[in-house]
Amino acid sequence: MPASSPHQAPELIVSGVGQQEITITRLVRDGCALLLFVSHDCPTCAMTLRNLGPLCDGWQRAGLTCTAIFEDPLEVAVRTARRLSWPGGVASQPQPFGTSRSYSLVSVPTTVLVDGAGMIAGRVTGWDQPALAELVRSAGSLLGTPLAVPPATEPLRKPGCMSRAALDPELAAAVAAPAGGDELEEMFERGWTDGLPVVPPTAERVEAMLGGADPAGSLGLVPPAMGEATLERVAACAVLAGCRPSYFPVVVAAAKAALDPAFNLHGQAVTTQPAGQLVVVNGPVRNEIGLNGGMGALGPGNRANLTIGRALRLLVSLTGGAMPGALDRATLGQMGKVGFCVAEDEEISPWQPLHVERGFEPGQSVVTLIGCDAPLSISDHRSRTPEDLAYVLAWAAASTWSTNWWPLAEPSVFIICPEHARMFREAGWTKQRLREFMFGCVRKPARELRRGETTPFVHAADPDEVIPKWTSPDAIVLLVAGGEAGRYSAVLGPCTGMGSAIVSREVQRRVS
Amino acid sequence: MSADYVSPFDERVRPAEPLAPRLADISGARIALLDIRKNRGKEFLDRIELLLREAGATTSRVTKEIFSKPAALGLIDQVATVSDAVVEALAD
């Protein structure tokens, strides 16, 4: 039986989401009121809200209002109520929890029934199904109508947690402080972000991300600030970025590739250029973790693509210290510096996938990193021969890096859409043939390249000497990705002057 | 660092390296001129070299592998060993 109390219900000193003040008088206006004193971090409170929530609407229609009074800030209260699908009222009381104190709370949850006269008609401490059922029956008696009672499912009884009002006020404030603020805002305050909201890297999330890998294992130092990329920090970046644990082996492979000195991450991280790091994923892992190489492959919409690329960038900017405006001196930057990961559509491609070209077996999962500029879309819906299409694709790259900067030694990455790839497939063009054709057709006499920024090579050449856009066909990287419809390919210009090689690393199932 | 979260930062505190002593006078000093291979850096250093020599300094020329990578440790050691100061032509 719920303990009865003949006392007047103390007035509430709380805040809610609505404009109307929450008072006892208002809550019992149509009958009587159930007050649930709870806190967000108490499992029994969560269970109580879960169990009583489905009954709330019926009770409120009968005249029994239901209000959860949290010993937490209002934003925490609202978020907790939403998470637990609590349909009743939500209120928050400030420190030092005077309302809980005036109701002589020892622990939460405590459920208090207030009658129409504002008198306490009963209270139940903790989760106690029989006592709560009796309390609700009492409310039904007061209202003159039977009310649904919580079902007698296990556990029937469960003690709660200490009320913050029962703590020393100073201790209560200290207990409330870490969870008191909005944890997403706290990430911004700590600077653990690229400017977008992040997932807080709690110890539990990082442990799950590590999947048993040694947190102290080191991948090396991340330039430019030379912070050590322990696996734990890489995992923290992956959590921050929003990765699932199943993505972590790909993130680690990307980090290993980025930290290979041949990639020159140092130069890319600090340059005034808009250098981004394109992460290309090949092999079975693409499908295992749901990477998108199809429709919208370079755009939004896919968690794996967006978060893997972002995790690498967070590693560079946080662990490596390359924050824009600090050690990252990019004049404009580009969206690829937020994160840029694409899966090659090997199944659609008429050619060897990138990782096989680079010496791996088709069945291996491989991450390849390429330093590059933002993508430039190339529309071609009119070409009817592979020669015309190759010409259009190649000449789209003529102005990449800089209009008259010829030849480029660094790689230009062409992402060929499926419809364009099909034309080359049907014509029997190999990847090498396409590469050589593209290399051969983008040429200009030196005299036409002598305006503004150009290369010493052009300056030194005879005015009639024909200069190619690239130093070699090998500077043309070809990938296949994109939706089945639409004739839009893309080219990503290079990071010139970085001395950055393309680097590949196999994805290890067991991270180490 | 909060016990609640795993920091993505390497929060070890590393002591700052003190600056080398400044030269009181460049006359008689050994000054290395470091070309990082940025466009026209050589022209700039040519002019600086003339001025330094007129002021009585002894100069030497050193060159980085590429401007976008940190100088090799061997190069840094070489400069530190044979020079009293270094002038770097940093950017175009």
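Residue numbers run consecutively from 1 along every chain, following the written order of its sequence. Think of it this way: whatever chain is written first is A, whatever ligand is written first is 1, and the rest follow in order. In view of the model being predicted, local features appear only for residues whose pLDDT reaches at least 70, and side-chain atom pairs are presented and counted only at 80 or more, with totals across whole chains, interfaces and linings using the full set of residues. Side-chain numbers come from the whole structure's heavy atoms, not from hydrogens or water.

**Student:** Looking at this model, I keep getting lost on the packing of aromatic side chains. Mind explaining?
**Tutor:** Aromatic ring pairs: the centre-centre distance and the angle between the two ring planes describe each pair. The pairing test for Phe, Tyr and Trp rings, Trp by its six-membered ring, is centres within 6.5 Å, and the orientation test on the planes gives stacked under 30 degrees, edge-to-face over 60, and tilted for anything in between. Within the structure shown, the criterion is met by eight aromatic pairs over all chains. Arranged with centres 6.2 Å apart and planes meeting at 80 degrees, the rings of Trp-192 of chain A and Tyr-5 of chain B form a pair that is edge-to-face. On the criterion of chain membership, the pair formed by Trp-192 of chain A in the loop between helix H7 (183–190) and helix H8 (203–210) and Tyr-5 of chain B in the segment before strand S1 (30–35) is interchain, its members lying in two chains. Summarising the burial analysis for this pair, Trp-192 of chain A and Tyr-5 of chain B share the class buried. With 6.1 Å between their ring centres and 65 degrees between their planes, Phe-414 of chain A and Trp-470 of chain A make a pair best called edge-to-face. With Phe-414 of chain A in strand S16 (residues 412–416) and Trp-470 of chain A in the loop between strand S18 (466–468) and strand S19 (476–480), this residue pair connects regions lying 56 residues apart in the sequence. Here the two residues Phe-414 of chain A and Trp-470 of chain A agree in accessibility, since each one is buried. Put simply, the rings of Trp-351, Phe-424, Trp-429 and Phe-437 of chain A touch in pairs and so form one group of aromatic residues. Arg-190 of chain A extends its terminal NZ or CZ atom over the ring of Trp-192 of chain A, reaching a point 4.8 Å from the ring centre. Per the convention used, a helix needs a DSSP run of H or I reaching at least four residues, while a strand needs a run of E reaching at least two, with both numbered from the N terminus. Accessible area is worked out with a 1.4 Å probe on protein chains only. A residue is then buried under 20% of its type maximum, exposed over 50%, and partly exposed in between. Placement of a positive charge over a ring is assigned whenever Lys NZ or Arg CZ falls within 6 Å of the ring centre and within 35 degrees of the normal to the ring plane.

**Student:** What exactly am I supposed to notice about the interface of chain A and chain B here?
**Tutor:** It is common to give the size of an interface as the accessible area lost on bringing the parts into contact. Here, residues are in contact when the closest pair of their heavy atoms is within 4.5 Å. Facing 29 residues of chain A, the contacting portion of chain B comprises 16 residues. A buried area of about 1,800 Å², summed over both sides, lies between chain A and chain B, and 57% of it is on carbon and sulfur atoms. For salt bridges, the criterion is a side-chain nitrogen of Lys or Arg within 4 Å of an Asp or Glu carboxyl oxygen. For the pair chain A and chain B, the number of links is two salt bridges. Between Glu-228 of chain A and Arg-12 of chain B there is a salt bridge; the shortest N-O distance is 3.5 Å. Computed with a 1.4 Å rolling probe, the buried area is the accessible surface lost when two parts are put together, summed over both parts.

**Student:** Even after reading the chapter, I still don't get the sheet that holds strand S2 (residues 58–63) of chain B, so can you show me in this structure?
**Tutor:** Within a sheet, neighbouring strands are paired by backbone hydrogen bonds and run either parallel or antiparallel to one another. All names here are of chain B. The parallel open sheet is built from three strands, whose spatial order is S2-S1-S3. Two strands close off the open sheet at either side, each with one partner strand: S2 and strand S3 (85–89). Strand-to-strand, the axes of this sheet are offset by a mean angle of 25 degrees, without reference to chain direction. At least two bridges found by DSSP between two strands is the condition for calling them paired. Two elements, S1 and S2, share six bridges in a ladder whose sense is parallel. By the bridge assignment, Leu-33 is partnered in S2 with Arg-61. A fitted line through C-alpha atoms represents every axis, and for helices the fit uses only the stretch in contact; the resulting angles, taken between N-to-C directions, go from 0 to 180 degrees.

**Student:** I'm lost on the domain arrangement of chain A in this one. Help?
**Tutor:** By domain assignment, chain A separates into domain 1 (15–179) and domain 2 (184–506). Start and end positions for the domains come from either an automated domain assignment or a database one. Averaged C-alpha coordinates put domain 1 of chain A and domain 2 of chain A at centres separated by 54 Å.

**Student:** Is there a simple way to think about unusual backbone geometry in this case?
**Tutor:** All names here are of chain A. Residue Pro-96 follows Gln-95 across a cis peptide bond; omega there is 5 degrees. Relative to the assigned elements, Pro-96 resides in the loop between strand S4 (89–92) and helix H4 (98–102). A cis geometry characterises the amide bond from Trp-406 onward to Pro-407, with omega recorded as -10 degrees. Positive phi values are uncommon outside glycine, yet Ser-85 reaches one of about 55 degrees. One can find Ser-85 in the loop between helix H3 (74–83) and S4.

**Student:** Would you explain the packing of helix H15 (residues 386–396) of chain A against helix H16 (residues 418–426) of chain A in this entry?
**Tutor:** For any two helices packed against each other, one specifies the crossing angle of their axes together with the interaxial distance. Residues and elements named next belong to chain A. For the pair H15 and H16, the least separation of the axes is 9 Å and the interaxial angle reads 135 degrees. With respect to each other, H15 and H16 are oriented oblique. Between H15 and H16 lies a crossing of left-handed hand. Contact with H15, carried on its side by Pro-386, Leu-389, Ala-390 and Leu-393, involves His-420, Met-423 and Phe-424 of H16 and no other residues of that element. All amino acids are sorted into three groups, where Ala, Val, Leu, Ile, Met, Phe, Trp, Tyr, Cys and Pro are nonpolar, Asp, Glu, Lys and Arg are charged, and the leftover types, Gly among them, are polar. Here the residues of the contact of H15 with H16 sort into six nonpolar, one polar and no charged. An angle counts as roughly parallel when it lies under 35 degrees, as roughly antiparallel when it exceeds 145, as roughly perpendicular when it falls between 65 and 115, and as oblique in every other case. Left-handed describes a crossing whose near helix is turned anticlockwise from the far helix by less than a right angle; the clockwise case is right-handed.

**Student:** Even after reading the chapter, I still don't get the nonpolar core, so can you show me in this structure?
**Tutor:** The nonpolar side chains of soluble globular proteins are, as a tendency, buried together. Residue and element names in this part refer to chain A. Take the buried Ala, Val, Leu, Ile, Met, Phe, Trp, Tyr and Cys residues and link them wherever side-chain atoms come within 4.5 Å; each set so joined is a nonpolar core. Formed by 57 residues in total, the largest nonpolar core has its most connected members in Phe-248, Ile-308, Val-367 and Leu-369. Top element by residues in this core is helix H10 (residues 248–259). It accounts for 10 residues. Not counting the four nearest positions on each side in its chain, Phe-248 is found in contact with Met-209, Leu-210, Leu-231, Val-234, Ala-235, Ala-238 and Val-511. Of all hydrophobic cores here, the second largest spans 48 residues; its members include Ile-22, Leu-34, Leu-49 and Ala-91.

**Student:** I would appreciate a short explanation of the pattern of salt bridges in the present structure.
**Tutor:** A side chain with one charge can pair with a side chain of the opposite charge if their charged atoms come near. Overall, the coordinates contain 27 salt bridges over all chains when judged by the stated rule. A salt bridge links Arg-164 of chain A to Asp-41 of chain A, with the shortest nitrogen-to-oxygen separation between them at 3.4 Å. With Arg-164 of chain A in the loop between strand S10 (161–162) and helix H6 (169–180) and Asp-41 of chain A in the loop between strand S2 (32–38) and helix H2 (43–62), this pair connects stretches of sequence that are 123 residues apart. Residue Arg-164 of chain A is classed as buried on the basis of its relative accessible area, which comes to 6%. The residue Glu-49 of chain B makes a salt bridge to Arg-53 of chain B at a minimum N-O spacing of 3.2 Å. Highlighted residues: Glu-49 of chain B and Arg-53 of chain B, both in helix H1 (residues 41–54), separated by four residues, approximately one helical turn. Overall, Glu-49 of chain B belongs to the buried group, its relative accessible area being 11%. One network of salt bridges, in which partners are shared, links Lys-42, Asp-46, Glu-49, Arg-53 and Arg-61 of chain B.

**Student:** I tried to follow the side chain of Ser-365 of chain A on my own but got confused; where do I start?
**Tutor:** Residues and elements named next belong to chain A. Along the chain, Ser-365 turns up in the loop between helix H14 (354–357) and strand S15 (366–379). Classification of Ser-365 by relative accessible area gives buried; the value is 2%. Excluding anything up to four places from it in sequence, Ser-365 contacts Asn-282, Gly-283, Pro-284, Val-285, Arg-505, Glu-506, Val-507 and Arg-509.

**Student:** I tried to follow the side chain of His-355 of chain A on my own but got confused; where do I start?
**Tutor:** In this structure, His-355 of chain A sits in helix H14. Those residues in contact with His-355 of chain A that sit more than four places away from it in its chain are Asn-282, Gly-283, Glu-346, Phe-360, Glu-361, Pro-362, Gln-364 and Val-366 of chain A.

**Student:** Would you mind showing me how to read the sheet that holds strand S7 (residues 120–125) of chain A here?
**Tutor:** All names here are of chain A. Taken together, six strands build an open sheet; the order of strands is S1-S4-S3-S2-S6-S7 and the sheet is mixed. Only two strands of the sheet have a single neighbouring strand rather than two, namely strand S1 (15–16) and S7. Where S2 meets strand S3 (residues 64–70), seven bridges bridge the pair, whose relative direction is parallel. When the bridges of S3 are listed, Ala-33 appears paired with Thr-65. This element, H3, spans S1, S3 and S4 of the sheet and lies at about 150 degrees to S4.

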